[in-house]
Amino acid sequence: FNDALGARDGSSWILTFISISFFIFIIICALLMTLLIPQPIIRISATIKDKKSLSFFWGIIGMTLTGLIAMLLAVSIAGIPLIPLELGLAALILAMGFISVGSLGGRYFLVKILKSKEPGMVKAALSGLALLWLIGEVPYIGGAIKAFFAIMGFGGVLLALFTRKKTPPALG
């Protein structure tokens, strides 16, 4: 049976299990975030929509700095206990960005393709994440496309954190 899937050692089953587990984890996080704290997801999605290339650029920088900071922390005795904290924070940023990209893509899919009037945030996020998961399962290029959107989401979170909305000047 494994020969039909193209793997002799059973590794395809392990990778499929990891992919489905990650998808279920992201869906649970998306449900909690969109129901309990929707404002950050809305703000991050708006930032990514307005500044696509800048989000990707900051995602590359942020991911690179995450690895460099982890290496710098590893060379000091006091920094070793901080590595899980730094990587956990990076994983949280990555999850929030991925959910925001999924919400943005799901809204586009529901409004433009399925002609839905005004999809709710939960429906948009869940449908977008399902689309991203399906795209990620495409052989050869799916992982690269999913990584591209994950990097863009990471950068979108960084941009949303470190940029301020321009407020109109006071009247008078």
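This text goes with the structure placed above it.
Since this is a predicted model, take the numbers as computed values, not measurements.

A.B. asks: What should I look at first to understand helix H4 (residues 52–74) in this one?
C.D. replies: Residues three or four positions apart in an α-helix share a direction because the helix packs 3.6 residues into each turn. Across its 23 residues, H4 extends 33 Å between first and last C-alpha, which sits within 8% of the 33 Å expected from 1.5 Å per residue. If you check which residues of H4 are buried, you get Ser55, Gly59, Gly62, Thr66, Ala70 and Leu73. Looking at the buried positions of H4, the neighbouring elements they touch are helix H3 (38–50), helix H5 (83–113) and helix H7 (142–162).

A.B. asks: Looking at this structure, I do not really get the environment of Met63. What am I missing?
C.D. replies: Here Met63 shows up in helix H4. A relative accessible area of 33% means that Met63 is categorised as partly exposed. Among residues more than four places away in sequence, those in contact with Met63 are Leu94, Ala150, Ile151 and Phe154.

A.B. asks: What is the right way to read a nonpolar patch on the surface from this model?
C.D. replies: A cluster of nonpolar side chains, contributed by Ile20, Ile24, Ile28, Leu31, Leu32, Leu35, Leu36 and Ile37, occupies part of the molecular surface with about 750 Å² of accessible area. With respect to the secondary-structure elements, Leu35 resides in helix H2 (residues 11–36). Accessibility expressed as a relative area gives 60% for Leu35, which makes it exposed.

A.B. asks: Whenever I open this one, the nonpolar core confuses me. Can you help?
C.D. replies: A general feature of soluble globular proteins is that nonpolar side chains tend to end up buried together. Membership of the largest hydrophobic core comes to 24 residues, with the highest contact counts inside it found for Ile26, Ile41, Ile44, Met96, Phe98, Ile99 and Leu129. The set of elements that each furnish at least two residues to this core consists of H2, H3, H5, helix H6 (121–136) and H7. The residues touching Ile41, leaving out its near neighbours within four places in the chain, are Met33, Met96, Ile99, Ser100, Ser103 and Met121.

A.B. asks: Could you clarify how one ought to interpret the pattern of salt bridges in this entry?
C.D. replies: Where side chains of opposite charge bring their charged atoms close, a pairing between them can arise. For the structure shown, the criterion picks out one salt bridge. As a salt-bridge pair, Glu118 and Arg107 come within 3.0 Å of each other at their nearest N and O atoms. Here Glu118 is found in the loop between H5 and H6, whereas its partner Arg107 is found in helix H5, with eleven residues between them in sequence. Arg107 gets classed as partly exposed once you look at its relative accessible area, which sits at 29%.

Scoring rules and cut-offs
Residues numbered from 1 in each chain as written. Predicted model: local features only at pLDDT ≥ 70, side-chain atom pairs only at ≥ 80, totals over all residues. Heavy atoms only, no water. Helix = DSSP H or I, 4+ residues; strand = E, 2+ residues; numbered from the N terminus. Expected span 1.5 Å × (residues − 1). Buried < 20%, exposed > 50% of the residue type's maximum accessible area, 1.4 Å probe, protein only. Contact = heavy atoms within 4.5 Å. Patch = residues over 30% accessible without salt bridge, like charges linked within 9 Å, V, L, I, M, F, W, Y side chains within 5 Å. Areas by Shrake-Rupley, 256 points an atom, 1.4 Å probe, with all protein chains shown as cover. Salt bridge = Lys/Arg side-chain N within 4 Å of Asp/Glu carboxyl O. Core = buried A, V, L, I, M, F, W, Y, C linked by side-chain atoms within 4.5 Å.

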